[in-house]
Structures are given as C-alpha cells and as structure tokens.
Amino acid sequence: MKRVMSGMQSSGTLTMGNYIGAILNYKKLQDDPENECFFTVVDLHAITTPQDPKLLKEQTEAVAALYFASGIDADKSAVFLQSHVPAHAEMGWIMNTLSYMGELERMTQFKDKSQKHQESIPSGLFTYPTLMAGDMLLYQADIVPVGEDQKQHIELTRDLAQRFNQRYGETFKIPSSEIPEVGARIMSLQDAKKKMSKSDENQGGFITMVDEPNVIKKKIMRATTDSGNEVRFDKEEKPEISNLMTIYSCLSGISIKDIEKKYDGLMYGAFKKDLVDVVVEQFSPIQQKYKEIRESGSLYHMLQQGAEKAHAVADRTIEDVKEKMGFVLPVNKLKK
Ligand code: ATP
Ligand code: LTN
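This is a predicted model, so every value here is computed, not measured.

As for the site of ligand 2
Thought 1: Around ligand 2 there are 14 residues in total, and Ser-6, Tyr-128, Met-132, Asp-135 and Gln-150 lie nearest to it.
Thought 2: Between a nitrogen atom of ligand 2 and a side-chain N or O atom of Tyr-128, the distance comes to 2.6 Å.
Thought 3: The side chain of Gln-150 places a nitrogen or oxygen atom 3.0 Å from a nitrogen atom of ligand 2.
Thought 4: With the chains in place, 92% of the 360 Å² that ligand 2 exposes on its own is no longer accessible.
Thought 5: Of all the elements in the fold, those that place two or more residues in the shell around ligand 2 are strand 1 (2–8) and helix 7 (123–138).
Thought 6: Top contributing element to the shell around ligand 2 by residue count: helix 7, with four residues.
Thought 7: Split into classes, the residues belonging to the shell around ligand 2 amount to seven nonpolar, six polar and one charged.

What follows is the structure, given as structure tokens:
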C-alpha cells in the first residue's frame, strides 16, 4: 500500500487551477486500490493570512464539500479538517524547531506572499512550510499530489525528514511530489505571468468551481489574449492563449495538438466560446452535487469519519516522534 496525502487552503473558493492542478490527481490516486489517501482542508494554513471568522468557516465548509462533489469518496479516502487533528499543530512546531531561517527565506511562495504585506509580514507566512512538512510526515506519505508551485515545499519536507531521521533514528518516509505533466500551473486569466490564485483581488483572474455559467462565460470572453488570432500553443510568444488551451485540454481530454488542428483557421472568439462550454460541462455536475451535499447536512459527519481515520495514523506518529526526541510521555501513553 502507498500513502497519499495532500491539502488545500480554505483561503477562498477553489478555482479551476486547484481543480486541474490537484483535484484531478487526487481522484486518480484515490481510484487506485493500492493507495490509502488522506485529503485535508488546511484551515491552519489559511490563517497565515488574516481571515474573517465568518468567511473562514464558510470557505472551509465549501472546500470540504467541493472535495466530495468532485468525486473524493468519504469511504475510500480520509477527508478531514486539519484543525480537527491537533497533532498537525504539534508536528508543525517540531518541524519549525528543526528548520533553519536560511532555508525558509529561500521559499519562493514566502517571497511572493510577503510582498503583499510589506509593513508587517505575518510570521505564520514564514513558517508556513514547516506546518506543511508536518502534514505530510504525520501520515508517512509516499506520494503528495500538488501543483507546480508546491514543489519547493516538498523538497524542503524531504530535507527536514532526512534531518530528523539522521538525528533521532529512522522515523519518517521521504515523500515525493506528484505533479501533472499538463496543467500544473494554470495562469491568471488577466495576467499570464501570474498563477491563477483563489486569493487574487482581481476576480476576473480566476474561475471558481461554483461560478455560474454566465460568470464563467464573462470571465473567459474577457480573458486577455495577444493581438493575433491564431490558436497555436506557444508558451513564450503566446502565453495567454496557451494557458486557455491548457485549460481546454485538461478538462476535455483533447490533446493540445488536436486543439490546434480543430481551430486551425478559426479566431480566438470561436475557441473561447467552445471553452466556455467545456468548462460549464465539467463544473455543472460538480455544482449540482455540491448543492446537494451542502443542503443534506451530512458534511460534518463525513468530516468526522475522515478525522477518525486521520487521528489513528497521526497520533501514532506524533507519539513516536516525541518519544524519540526525549519528551516525557504521559503515564497513559507509556509502553508496557
Ligand atoms: P492562495 O491563493 O490562498 O495561495 P491557491 O489558490 O494558490 O491559494 P492552495 O490552497 O495554496 O491554492 O493550493 C491547493 C492546491 O492547488 C496545491 O496543490 C496547489 O499546487 C494547487 N494549485 C493552486 N493554484 C494552482 C494553479 N494555478 N495551477 C495549478 N495548480 C494550482
Ligand atoms: N501549501 C499547500 C497546501 C498544503 C499541502 C499540505 C499540500 C498544506 N499542507 C500537505 C500537500 C500536502 C498549498 O497548496 N498552498
């Protein structure tokens, strides 16, 4: 059996970038009976940037419901909230003490995100990768499905795991990232130099998984393109249309080459109109299921089921880690 572990922040509503870059792989990995999967909503990570309490609650429930609506199955996988398993915070602290300032300073996500908070950078943004390392290591993950932007964090996790193993004896599996070949970095619809991100202030830059068809249409038709009209994949010269072609390909299963053939001689307008249909067709059934889940009142129970599975693994790891580090264990945890 292989362990699979991943998470998404409840810092906004999931975008098509999250869906293409991560959820599609979650599903593929879940459907392999050789894998045991843990998928979490990382609400403790979400608060590394300021969150309104009411919004955080709503977004956390929405992200969890979207996992299920996308086909992540509560019986096959453990789906849970990070804050329901306190070992995450504990392991995050331990990883924090194991890490060096220099290696955290090199993280590109920290460099990007801290720019938005010039005057007072939240220290949680700086130590974010150590909390994330704890997430993976608690479950002894073999495979971590993520988008391209998280690769550096997983490399750091591997270093921290090796450091721990060397200092305290063999404890952690060394996790590997699984990044899709196509769609690992979906770009903003308004600025092809920026990653599509759910916390972007420019709403036109992203499409969420719960956007209505008319909103999807507006955002795609207004997406920036170059001044030409040839539907041709060229990331350097034509980054905007290439991004839209990537989205089309990932959601329809049609290869980039075949998309080029299909739209040979046609203009951007015709391509964009079809892309609207492709996106709406993909998200409509998910949105229908999402509504049913939100209305059924079963979400909290499904998350409880996930938390129990997560606890069983995470609590064992944290005890082992603490014992190896020389912590005095409470009397009811002492081995007979
Ligand atoms: P935030 O804007 O709050 O930083 P985000 O939209 O970048 O959030 P995360 O919760 O940080 O999303 O990421 C969840 C998962 O989705 C990660 O595996 C991440 O790599 C992937 N992901 C996020 N954005 C994209 C994107 N534009 N293209 C492909 N994958 C993405
Ligand atoms: N940092 C990740 C979210 C995340 C994660 C994880 C992903 C937190 N913990 C563990 C994989 C495994 C992000 O996407 N920004």
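Additional details are given in the paragraphs that follow.
Concerning the site of ligand 1
Thought 1: Residues in close proximity to ligand 1 total 21 residues, the closest being Lys-113, Asp-149, Lys-195, Ser-197 and Ser-199.
Thought 2: For ligand 1, a nitrogen atom lies 3.2 Å from a polar atom in the backbone of Gly-17.
Thought 3: Contacts to ligand 1 include Met-196, whose backbone N or O atom sits 2.9 Å from a nitrogen atom.
Thought 4: Here ligand 1 has 610 Å² of accessible area as a free molecule, and 97% of this is covered by the chains.
Thought 5: The biggest single contributor to the shell around ligand 1 is helix 1 (residues 16–30), with four residues.

Concerning the pairing of strand 2 (residues 35–41)
Thought 1: Taken across its seven residues, strand 2 has six buried, putting it largely inside the fold.
Thought 2: For the crossover that starts at strand 1, traverses helix 1 and ends in the parallel strand 2, the hand is right-handed.
Thought 3: Here strand 2 pairs with strand 3 (residues 77–81) via five bridges, running parallel. Across the sheet, the residue bridging to Thr-40 is Phe-80, located in strand 3.

Section: the packing of helix 1 against helix 10 (residues 239–252)
Thought 1: Taken N-terminus to C-terminus, the directions of helix 1 and helix 10 make an angle of 50°; their axes are 11 Å apart at the nearest point. The angle between helix 1 and helix 10 places the two elements in the oblique class. Crossing handedness for the pair helix 1 and helix 10: left-handed. Two secondary-structure elements touch here, helix 1 through Met-16, Tyr-19, Ile-20 and Leu-24 and helix 10 through Ile-247, Cys-250 and Leu-251.
Thought 2: A class-by-class count of the residues in the contact of helix 1 with helix 10 yields seven nonpolar, no polar and no charged.

Points about the environment of Asp-234
Thought 1: Its place among the elements puts Asp-234 in the loop between helix 9 (213–221) and helix 10.
Thought 2: The class for Asp-234 is buried, based on a relative accessible area of 18%.
Thought 3: Once you skip the residues sitting within four places of it in the chain, Asp-234 turns out to touch Pro-239 and Ser-242.
Thought 4: Within polar-contact distance, the side chain of Asp-234 engages the backbone nitrogen of Glu-237 at 3.0 Å.

Side note on the pattern of salt bridges
Thought 1: Per the counting criterion, the structure on display carries 17 salt bridges.
Thought 2: Among the ionic pairs, Arg-294 bridges to Glu-58, the shortest N-O distance being 3.1 Å. Pair noted here: Arg-294 is in helix 12 (residues 268–296) and Glu-58 is in helix 3 (residues 53–69), with a separation of 236 residues, a long-range link.
Thought 3: Judged by its relative accessible area of 27%, Arg-294 falls in the partly exposed class.
Thought 4: Its relative accessible area of 37% is what places Glu-58 among the partly exposed residues.
Thought 5: Through salt bridges that share partners, Glu-58, Glu-61 and Arg-294 make up one connected network.

About the thresholds
- Residues numbered from 1 in each chain as written.
- Chains lettered and ligands numbered in written order.
- Predicted model: local features only at pLDDT ≥ 70, side-chain atom pairs only at ≥ 80, totals over all residues.
- Heavy atoms only, no water.
- Near = heavy atom within 4 Å.
- Polar contact = N/O pair within 3.5 Å; in protein donor to acceptor, adjacent residues only side chain to side chain.
- Areas by Shrake-Rupley, 256 points an atom, 1.4 Å probe, with all protein chains shown as cover.
- Helix = DSSP H or I, 4+ residues; strand = E, 2+ residues; numbered from the N terminus.
- Nonpolar A, V, L, I, M, F, W, Y, C, P; charged D, E, K, R; others polar.
- Buried < 20%, exposed > 50% of the residue type's maximum accessible area, 1.4 Å probe, protein only.
- Right-handed = clockwise from strand over helix to strand, strands pointing away.
- Pairing = 2+ DSSP bridges.
- Axes fitted to C-alpha atoms, helices over the stretch in contact; angles between N-to-C directions.
- Parallel < 35°, antiparallel > 145°, perpendicular 65-115°, else oblique.
- Left-handed = near helix turned anticlockwise from the far one by under 90°.
- Contact = heavy atoms within 4.5 Å.
- Salt bridge = Lys/Arg side-chain N within 4 Å of Asp/Glu carboxyl O.

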